[in-house]
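Here is what each chain is made of, one letter per residue.
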Amino acid sequence: MSIILLAIPTIFIGFLSYYLWIWTYWRRRGITGPLGYPLVGVFPQTLKSEYPQYLQLKDWTKEYGSVYGITEGTIKTLIVSDIDIVHQLFVKQYDNFYGRKLNPIQGDPEKDPRTNLFSAQGFRWKRLRAISSPTFSNNSLRKINLTVEDSALELLRHIEEQTAGGKQIDMLKFYQEFTMDVIGRIAMGQTDSQMFKNPLINYVKAIFSDNRKHIPLIGGVFPIFAQFFRFFMLKLPFLGAANFIHVNQTMVNAVNNRIAQREKDAENGIDIGEPQDFIDLFLDARADDVHHFGETNGDFSKSSSYSNRQLTTSEIVGQCTVFLIAGFDTTALSLSYSTFLLATHPEIQKKLQEEVDRECPDPEISFDQLSKLKYLECVMKETLRLYPLGTLANSRRCMRATKLGNIEVEPGTMVQVDTWSLHTDKKIWGDDANEFRPERRRYTLIVIIMFRNGRVSSTNPISSKAVDT
Ligand code: HEM
């Protein structure tokens, strides 16, 4: 009995000391930052629905400077908006930061069979990236161009219909429908446009507006229970993941149906033909030289050396699901913000219209003509500079002890870029940093870093040079 009486306060004190030790982590290292509260750190400030985390980070950057530390439960994160440190993090020290910041509730990227490009790290990420990259080659994009164009025409039809008589519309809603339609057709096996008819969109939107903040909180504060909770959460929808489970199951069905269809076609001697969408591209996908990647990066997690050159069915589901989730809100919001900026800057809108009329005189726009729309590219870049999206993904996990600037970074520490502050830093962009000026010529390092995807030298989808127009 006396042992139990002694054990309880000892466990309690041990538990308390552990959390206080983590809570004061940055203070003990002489690094400034908001403390938040014992046990939860700054979670109460970063999980507010009415004030998104990226704005909170921006406020703290104003208060604490371009490098400071926060804790969220047991997660220790260095927040940076210093351009040199960001360059170190994403490019020069890639080998020390080859995973993204994840909450333990998101699963173990080393073990999860459905790990996707977004959550994977090290060898596995390289393997997935090598296999998936061809889906974004010009050749593949050319193949889906007609589908995108068809959905765009459908969008215009809906806009014209619903604005008849001068009625105002909420453009974000229309762009969400458009984005969902394109992703549905190129990544989910949907055969024709389902714009304004696709019930799945409500589930996808709900994933983004989900208010259940207990999920990251449990993962951050009690990481040892995270896997356990995750397991039940994915089995029991009422624990908070109902929308994700539905979307994921829809993807599982789409992939399984396609595999069954292909097998049936093969039995009947029907040629599979050209890939029609991402599912086909993934089913056909092979990485050319996976071992080569592994050998040149021997420092990556030893446990994950992959020789399989094809994606497993689970991985195909994972890739398609992440394309849907990573592509939906980002694309719809980028289109909305650019529309807003063009509407409020008529002179820029006019210049852009002139370019489109000049370069694309025919009603149909070919894939090759798109690359001639240089000013359009500048408009989109400038939109994303002022309204950067998906910025919480601009983060890394330290895998090997190193230094960032003069700060010692320990393995397991997360580093989060405060992209919003970086994108309007007057030292980088000049005094007009807050103005929408697509002509600006300062798209150098930032654009390379942010849009090159940071991780190793992937193909840059957006040219890093601003163009004189
Ligand atoms: C304007 C639209 C988009 C924005 C602003 C955006 C933003 C981002 C950002 C900031 C990252 C993190 C980059 C990094 O860690 O260095 C990222 C990664 C990623 N995005 Fe997007 N994204 C957009 C569209 C899309 C679309 C349409 C898809 C899929 C079809 C997609 C799929 C992904 C994937 C799979 C990753 C992880 C890549 C990797 O680690 O290899 N994104 N995105």
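Residues numbered from 1 in each chain as written. Predicted model: local features only at pLDDT ≥ 70, side-chain atom pairs only at ≥ 80, totals over all residues. Heavy atoms only, no water.

With an unreviewed UniProt entry as reference, the chain is termed Cytochrome P450, source organism Caenorhabditis tropicalis. What UniProt records for the chain under Cofactor (unreviewed entry) is the sentence "heme". (UniProt positions renumbered as here; feature names shortened; annotations may be inferred.)

1. Considering the site of the ligand
Surrounding the ligand, one finds 21 residues, the nearest of these being Arg100, Trp125, Arg129, Ser334 and Arg396. The separation between an oxygen atom of the ligand and a polar main-chain atom of leucine 117 is 3.4 Å. Tryptophan 125 has a polar side-chain atom sitting 2.7 Å from an oxygen atom of the ligand. Secondary-structure elements contributing two or more residues to the shell around the ligand are helix 6 (122–132) and helix 15 (313–344). When the residues that make up the shell around the ligand are grouped by side-chain class, the tally is nine nonpolar, eight polar and four charged. Residues lining the shell around the ligand come from more than one domain, with at least three contributed by each of domain 2 (40–97 + 391–469) and domain 3 (110–344). (Near = heavy atom within 4 Å. Polar contact = N/O pair within 3.5 Å; in protein donor to acceptor, adjacent residues only side chain to side chain. Helix = DSSP H or I, 4+ residues; strand = E, 2+ residues; numbered from the N terminus. Nonpolar A, V, L, I, M, F, W, Y, C, P; charged D, E, K, R; others polar. Domains from an automatic or database assignment.)

2. A word on the pattern of salt bridges
Scanning all chains against the criterion turns up 24 salt bridges. Between arginine 262 and aspartate 280 there is a salt bridge, with its nearest N and O atoms 3.2 Å apart. Of this pair, arginine 262 sits in helix 12 (residues 242–267) while aspartate 280 sits in helix 13 (residues 278–284), and the two are 18 residues apart along the sequence. What makes arginine 262 buried here is its relative accessible area of 13%. Taking the shortest distance from any N to any O, the salt bridge between arginine 437 and aspartate 432 comes out at 2.6 Å. Overall, arginine 437 belongs to the partly exposed group, its relative accessible area being 32%. On the basis of relative accessibility, which here comes to 17%, the residue aspartate 432 falls in the buried class. Among the ionic contacts, a cluster of salt bridges with common partners joins Arg258, Arg262, Asp277, Asp280 and Asp284. (Salt bridge = Lys/Arg side-chain N within 4 Å of Asp/Glu carboxyl O. Buried < 20%, exposed > 50% of the residue type's maximum accessible area, 1.4 Å probe, protein only.)

3. Digging into the packing of helix 15 against helix 18 (residues 374–386)
Interaxial distance between helix 15 and helix 18 falls to 9 Å at its minimum, and their mutual angle equals 105 degrees. What the angle tells us is that helix 15 and helix 18 run roughly perpendicular. In this structure, helix 15 uses Ser334, Tyr337, Ser338, Leu341 and Leu342 to contact helix 18, whose residues at the interface are Val379, Met380, Thr383 and Leu384. Residues belonging to the contact of helix 15 with helix 18 are distributed by class as follows: six nonpolar, three polar and no charged. (Axes fitted to C-alpha atoms, helices over the stretch in contact; angles between N-to-C directions. Parallel < 35°, antiparallel > 145°, perpendicular 65-115°, else oblique. Contact = heavy atoms within 4.5 Å.)

4. Let's talk about the sheet that holds strand 2 (residues 75–80)
With mixed pairing, the four strands of this open sheet are ordered in space as 1-2-6-3. Two strands close off the open sheet at either side, each with one partner strand: strand 1 (67–72) and strand 3 (395–397). For this sheet, the mean inter-axis angle between neighbouring strands, taken without regard to orientation, is 25 degrees. Helix-sheet contacts for helix 4 (residues 53–64) involve strand 1, strand 2 and strand 6 (414–417), and the interaxial angle to strand 1 is about 135 degrees. (Pairing = 2+ DSSP bridges.)

5. A word on empty space enclosed by the protein
Overall, the coordinates contain two cavities of 30 Å³ or more when judged by the stated rule. The computed volume of the largest cavity comes to approximately 50 Å³. Lining the largest cavity are Trp23, Thr24, Trp26, Arg27, Gly33, Pro34, Leu35, Gly69, Ile70 and Thr71. Of all the secondary structure elements, the ones that give two or more residues to the lining of the largest cavity are helix 2 (25–28) and strand 1. Residue contributions to the lining of the largest cavity reach at least three from each of two domains, namely domain 1 (1–30) and domain 2 (40–97 + 391–469). As a volume, the second largest cavity reaches approximately 30 Å³. Lining the second largest cavity are Ser140, Lys143, Ile144, Pro275, Gln276, Asp277 and Leu281. Sorting elements by how many residues they give to the lining of the second largest cavity places helix 7 (residues 138–162) first, with three residues. (1 Å grid on protein atoms, 1.4 Å probe; cavity = no way out; pocket = protein on both sides within 12 Å on 5 of 7 lines; lining within 4 Å. Points joined across faces, edges and corners; volume = space filled by probe spheres on them.)

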